[in-house]
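Letter by letter, the chains look like this.
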Amino acid sequence: PLWRQHLASLKDLPSQTALADHVCCSMAEISNGNAEPAEVSKAKSEGWQKVRKVLRVQRAVSALRELPALKRLKESAQRRSLALTRASTVVVEQFTRKANRALCVYLLEEGHDEGVLGETADVALDFHEVEVGEAVGKPDLLLTNIPFAFDEGADHSVVQWYNSLPDLLKEDLHYAPIELQRLTAQRTYTHAIADALENMLCVRQIATKLADGTQSASNSFPSIVKPTSKTNHMRFLVFNDKGLESVQSKISGKCVVDEFVEKSALYHVFVIDMNIFVAQRPCLPYINTEMTSTELKKVAEEIGGELTDSPDEGRYLAFDSEAFAARSKCGEGLPLDEVPELSKIAGKLEQVANTLTDALGLGMFGIDILLDKENEDTFHLVDLTLMPAFNGTDDMLAVTALHLFEECQQRAVRVDIRSAVKNPKEVVDLMIAQHPGWSDVDREAVTINVLSASTKGDKTGLVASLAAEGKETLVCRLRGIVERTAFERAIADKMMDSPNTPLMGSYFGSRVLIGYTEGLIKGAQLEQVLDQVDRHSLCYSLGAALRSLHTREIDVQSPDYLGVPLCVSRLRTYSIIACEAVNHVEPLQSHFKDVFAAVQSYDVSQLPPEAREEVFGHFDCNLTNILVDMTAPMEEAPKVHFIDWEQAGPNIAAYDFGKFLVSYTIAVPVDEDELEAMLHALVEGYAPEWDASAKARFKRGMLAMMPYVAAVNFMSNIRHAATEIGDRWVNRGTAHYKIFARYKHNWHDATEAASPAEPLFLLGVCTRRSKRFQRDCGSVGQSCTVA
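Since the model is a prediction, treat every value here as computed from it, not as a measurement.

So, about the overall build of the chain. Helix and strand counts for the chain come out as 25 helices and 30 strands. For the chain, the computed accessible surface area is about 36,000 Å², with 49% contributed by carbon and sulfur atoms.

Next comes the structure, spelled out in structure tokens:
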């Protein structure tokens, strides 16, 4: 309510900067001077995030409502979709007045006719100009929803057409990777994700078994049997073992056997750029195994199905789920906070949405959830769709439009950066045009040293040092992710002695941040000079450098910060991805179960208090991101600096130490005595004023972080190994597993001796359960109220 009052008074403010100032002042007033500075800072940061989210929606809604031809465009698109065989065209207003064109997004949707490619394929492949109402333009983004193309024995013309596109074109134009669509077209993938969410977030999973079509699967009844292919919409309500055998014989290939949840409500959840909308869907009527044939026939009539009830075939009810949904009207997509029935699960649903956004790498997808009406703080994840059918309010339409525009903007940035990777001279042009101190520099006289470069998806980026006579050598960092670039630039501004300069690109007249400059840090990567550095001096200097970092007040929020330490949320996300990805990485499968079983018990609140203190951390203190200056004065040598801040953010204090130790022990064999000496030097550099007991507790915390960090890296390695060619990530995963296996006892040694914090956080979720109701309270960062 307070935020709504403040937002209502912000309409006349001239800019977002003024808005931010207003919000900060409001938060200071709200605190009445009684709050601690850190609390006020946190409140300001959280408040600004909320306001920015509201601004995005308001800006998009205003832009759409000001478009006079919007209604005519939508009608034209609907008429044209008939000619394109279930393919539709979405046209949204370009949100800057400087551009005289619209943003065109083409949706190639599921279809079963021979003409499914038809004109749509020509539009996407040949870029013919297509007239839609009053808008004329080429497609800026291609959305595809073609799960039918992956069915066994299906016509693969759609996939063949897609594969004929150049790789970079697919990356620049296509929203959802075809490989991800192939996975999500099978229910087995959805259930793998659901299993992982159940383990990592305590989201209930319907008891599920996979049957191969020949063996009977023992299950509680009634059960719902579904083919694994999502394009087969037949469903079977099964009431006995004989019925299950009969149904399995009718379904070719594997099927999924789900428990039937009584007294439930079905909702479709739309996740669009971290905004959540919910629409209620028709749900099956109440059934049980005690119902008579007459009663079940009435149910069959109600849902448009057919009942089979005989001694030879058993008892089951077959129906088409798509036809059933068409008989009942679905609800309109409403914002999550406007659906009171879901208020008890809203917090956990947001965590699931955030985790899946990271896991899928997409900002737009849908999930189906089943709400247990007898226990309304429990829900089941039923299905996952990459391209859900959107039917919502103006706000939902606006958020979708804005997300698609920003997605196109993001892809345009990657195109610019890839061009600079191929021709680094383009960075010099950016520097001369935009850096205030380089306007008089001769382009040909600049020395360019490329430090790193990539043209692969989210890893697209270029880091190069530029040197010119009479100028300070600068490092130019261009990243393929706009939001991450803005964050990293803000961090660099805090960490460097001199302010950086933004490097801007242009998209339809809008200025877009594509990179920034920073001063060149002296020193060599630790990995390159490891044999030249005294180990004790290095650890002492590293401890002192981390102390300096961890005690800084940083008011820049990491884009993926979810309210819990980054090591918690990222381990959760990486583990969920790895649950399915490991099926494609055979060399690491034997190790996965061991690591996954351990991470489910990792609760950082059980670490010693010094180790679990929340600080601003680097998160990626490996040997390549630590620079050592060997020319520093004797009392400072080796002087330590950190680079590559893209993963930095709120974390626990011991994590950065664990990351360094894991990276070091992979590169250099270390025995127990040598490791103890390193721990001693690290803590002396970090906190020399602590007493002996505090230092001992922090040492235990650092040791506990070694298997924890190894697990984080192992899960991340699986994700990369599943999608990239070669054995690089398999080798890394194997190395991290060896560290995990060698030091996994450290976690138990440290946590058994520590007094746990309240509440207990199992990967960010309170795990205290009521034995009476067998449920999770779902609170995060709140005091536990369940005795």
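What follows deals with the pairing of strand β17 (residues 447-454). Note: β17 against strand β18 (residues 461-467), seven bridges, orientation antiparallel. Looking at the pairing, T447 lines up with A467 of β18. Hairpin geometry of β17 and β18 is characterised by an intervening segment of six residues between the two adjacent antiparallel strands and by a positive phi of about 45° at G457.

I367, F660 and Y708 are the most contacted members of the largest nonpolar core, which has 135 residues in total. Sort the elements by how many residues they give to this core and helix α23 (residues 692-723) lands first, with 14 residues. Here I367 is in contact with Y267, H268, V269, L349, V352, L356, L381, D383 and L384, once residues within four sequence places are set aside. Among the nonpolar cores identified, the runner-up in size contains 20 residues, and V421, V446, L478 and V512 belong to it.

In terms of burial, β18 is a largely internal element, six of the seven residues being buried. Note: β18 against strand β19 (residues 474-479), six bridges, orientation antiparallel. Bridging across to β19, L462 finds its partner in L478.

Take the sheet that holds strand β25 (residues 639-642) next. Ordered by their spatial adjacency, three strands build an open sheet running β22-β24-β25, and the pairing between neighbours is antiparallel. Looking at the sheet topology across the chains shown, the edges are occupied by β22 (524-525) and β25. Where β22 meets strand β24 (residues 626-629), two bridges bridge the pair, whose relative direction is antiparallel. Looking at the pairing, A524 lines up with V628 of β24. Against the sheet, helix α17 (residues 535-550) touches β24 and β25, its axis set at about 50° to β25.

Inspection of every chain in the model, using the stated rule, returns 20 salt bridges. In this structure, the salt-bridge partner of D594 is K744, at a minimum N-O distance of 3.4 Å. In this pair, D594 is assigned in helix α19 (residues 586-599) and K744 in the loop between α24 (728-743) and α25 (745-752), connecting sequence segments 150 residues apart. Since its relative accessible area comes to 26%, D594 is described here as partly exposed. Classification of K744 by relative accessible area gives partly exposed; the value is 35%. The residue D620 makes a salt bridge to K659 at a minimum N-O spacing of 3.4 Å. On the criterion of sequence distance, the pair formed by D620 in the loop between β23 (614-617) and β24 and K659 in helix α21 (residues 653-667) is long-range, its members being 39 residues apart.

The subject of this paragraph is the packing of aromatic side chains. Overall, the coordinates contain 17 aromatic pairs when judged by the stated rule. Measuring from centroid to centroid gives 5.3 Å for F592 and F596, while their planes differ by 20°, and the two rings are stacked. Of the two residues, F592 and F596 are both situated in helix α19; the distance of four residues between them amounts to about one turn of the helix. The exposure class of F592 is buried, given its relative accessible area of 8%.

This part is about a positive patch on the surface. On the surface, K456, K459, R728 and R732 cluster together into a patch of positive charge. Looking at where K459 falls in the secondary structure, it is placed in the loop between β17 and β18. K459 sits in the partly exposed class, given a relative accessible area of 42%.

On to the sheet that holds strand β11 (residues 275-281). Strand order in the open sheet formed by five strands is β14-β11-β10-β15-β16, with antiparallel pairing between adjacent strands. Each edge of the sheet is formed by a strand with only one pairing partner; in this case those strands are β14 (334-335) and β16 (379-385). With two bridges joining them, β11 and β14 adopt antiparallel strand pairing. Bridging from a neighbouring strand, F277 pairs with P335 of β14. This element, helix α13 (residues 346-360), spans β10 (264-272), β11, β15 (364-372) and β16 of the sheet and lies at about 145° to β15.

A word on the side chain of D383. Relative to the helices and strands, D383 resides in strand β16. Judged by its relative accessible area of 13%, D383 falls in the buried class.

What follows concerns the environment of I417. Looking at where I417 falls in the secondary structure, it is placed in helix α14 (residues 394-422). As a C-alpha pair, I417 and T460 span 43 residues in sequence and 7.2 Å in three-dimensional space. Ignoring any residue separated from it by four or fewer positions in sequence, one finds I417 in contact with T460, G461, L462, L478, R479, G480 and I514.

Attention shifts here to helix α22 (residues 672-686). The end-to-end C-alpha distance of α22, which contains 15 residues, comes to 21 Å, matching closely the 21 Å that a straight helix rising 1.5 Å per residue would cover. At the N-terminal end of α22, a side-chain oxygen is found 3.2 Å from the backbone nitrogen of D673, two or three residues along, and the residue is D671.

On average, residues of the chain carry a pLDDT of 75, and 68% of them reach 70 or more. Put simply, strand β29 (residues 769-770) is where the chain has its lowest mean pLDDT, 29, and α21 is where it has its highest, 97. In this model, residues 1-20 is a region of pLDDT below 50 whose contacts with residues beyond four sequence positions or in other chains number 24 contacts. The low-confidence segment residues 109-137 (pLDDT under 50) makes 73 contacts with residues lying over four places distant or belonging to another chain.

For the rest of this paragraph, the subject is the packing of α23 against α24. For the pair α23 and α24, the least separation of the axes is 8 Å and the interaxial angle reads 160°. By the angle between their axes, α23 is roughly antiparallel relative to α24. By crossing handedness, the relation of α23 to α24 is classed as left-handed. Residue-level contacts link M706, P707, A710, A711, N713, F714, N717, H720 and A721 of α23 to W729, V730, R732, G733, H736, Y737, I739, F740 and Y743 of α24. Counted by class, the contact of α23 with α24 contains 12 nonpolar, five polar and one charged residues.

A few words now on the environment of K226. Within the element layout of this structure, K226 appears in strand β7 (residues 223-227). Between the C-alpha atom of K226 and that of V247, which follows or precedes it by 21 residues, the distance is 9.6 Å. The contacts of K226, once residues within four sequence positions are left out, are R187, M234, R235, C255, V256, D258 and V382.

Let's shift gears to α13. With 15 residues, α13 should cover 21 Å at 1.5 Å per step; its first-to-last C-alpha distance of 21 Å lies within 8% of that length. For α13, the tally of buried residues reaches 12 of 15 residues, placing the bulk of the element in the interior. Listing the buried residues of α13 in full gives A346, K348, L349, Q351, V352, A353, N354, T355, L356, T357, A359 and L360.

Moving on to the side chain of R235. Mapping R235 onto the fold places it in strand β8 (residues 234-238). Lacking a salt bridge, the buried R235 has D383 as its closest oppositely charged neighbour, with an N-O distance of 6.2 Å. Within the structure, the side chain of R235 is placed 3.5 Å from the backbone oxygen of H233, a separation counted as a polar contact. Other than its neighbours up to four places away in sequence, R235 contacts R187, V225, K226, P227, L317, A318, F319 and S321.

So, about the packing of α21 against α22. Taken N-terminus to C-terminus, the directions of α21 and α22 make an angle of 145°; their axes are 12 Å apart at the nearest point. Taken as a pair, α21 and α22 cross one another with a handedness that is right-handed. The residues of α22 that touch α21, namely those facing A653, F657, F660, L661 and Y664, are L675, M678, L679, L682 and Y686. Here the residues of the contact of α21 with α22 sort into 10 nonpolar, no polar and no charged.

Thresholds applied
Residues numbered from 1 in each chain as written. Predicted model: local features only at pLDDT ≥ 70, side-chain atom pairs only at ≥ 80, totals over all residues. Heavy atoms only, no water. Helix = DSSP H or I, 4+ residues; strand = E, 2+ residues; numbered from the N terminus. Areas by Shrake-Rupley, 256 points an atom, 1.4 Å probe, with all protein chains shown as cover. Pairing = 2+ DSSP bridges. Core = buried A, V, L, I, M, F, W, Y, C linked by side-chain atoms within 4.5 Å. Buried < 20%, exposed > 50% of the residue type's maximum accessible area, 1.4 Å probe, protein only. Contact = heavy atoms within 4.5 Å. Axes fitted to C-alpha atoms, helices over the stretch in contact; angles between N-to-C directions. Salt bridge = Lys/Arg side-chain N within 4 Å of Asp/Glu carboxyl O. Phe/Tyr/Trp six-rings, centres within 6.5 Å; stacked < 30°, edge-to-face > 60°. Patch = residues over 30% accessible without salt bridge, like charges linked within 9 Å, V, L, I, M, F, W, Y side chains within 5 Å. Lys, Arg positive; Asp, Glu negative; His and termini not counted. Charge placed at Lys NZ, Arg CZ, Asp CG, Glu CD. Expected span 1.5 Å × (residues − 1). Polar contact = N/O pair within 3.5 Å; in protein donor to acceptor, adjacent residues only side chain to side chain. pLDDT = per-residue confidence, 0-100. Parallel < 35°, antiparallel > 145°, perpendicular 65-115°, else oblique. Left-handed = near helix turned anticlockwise from the far one by under 90°. Nonpolar A, V, L, I, M, F, W, Y, C, P; charged D, E, K, R; others polar.

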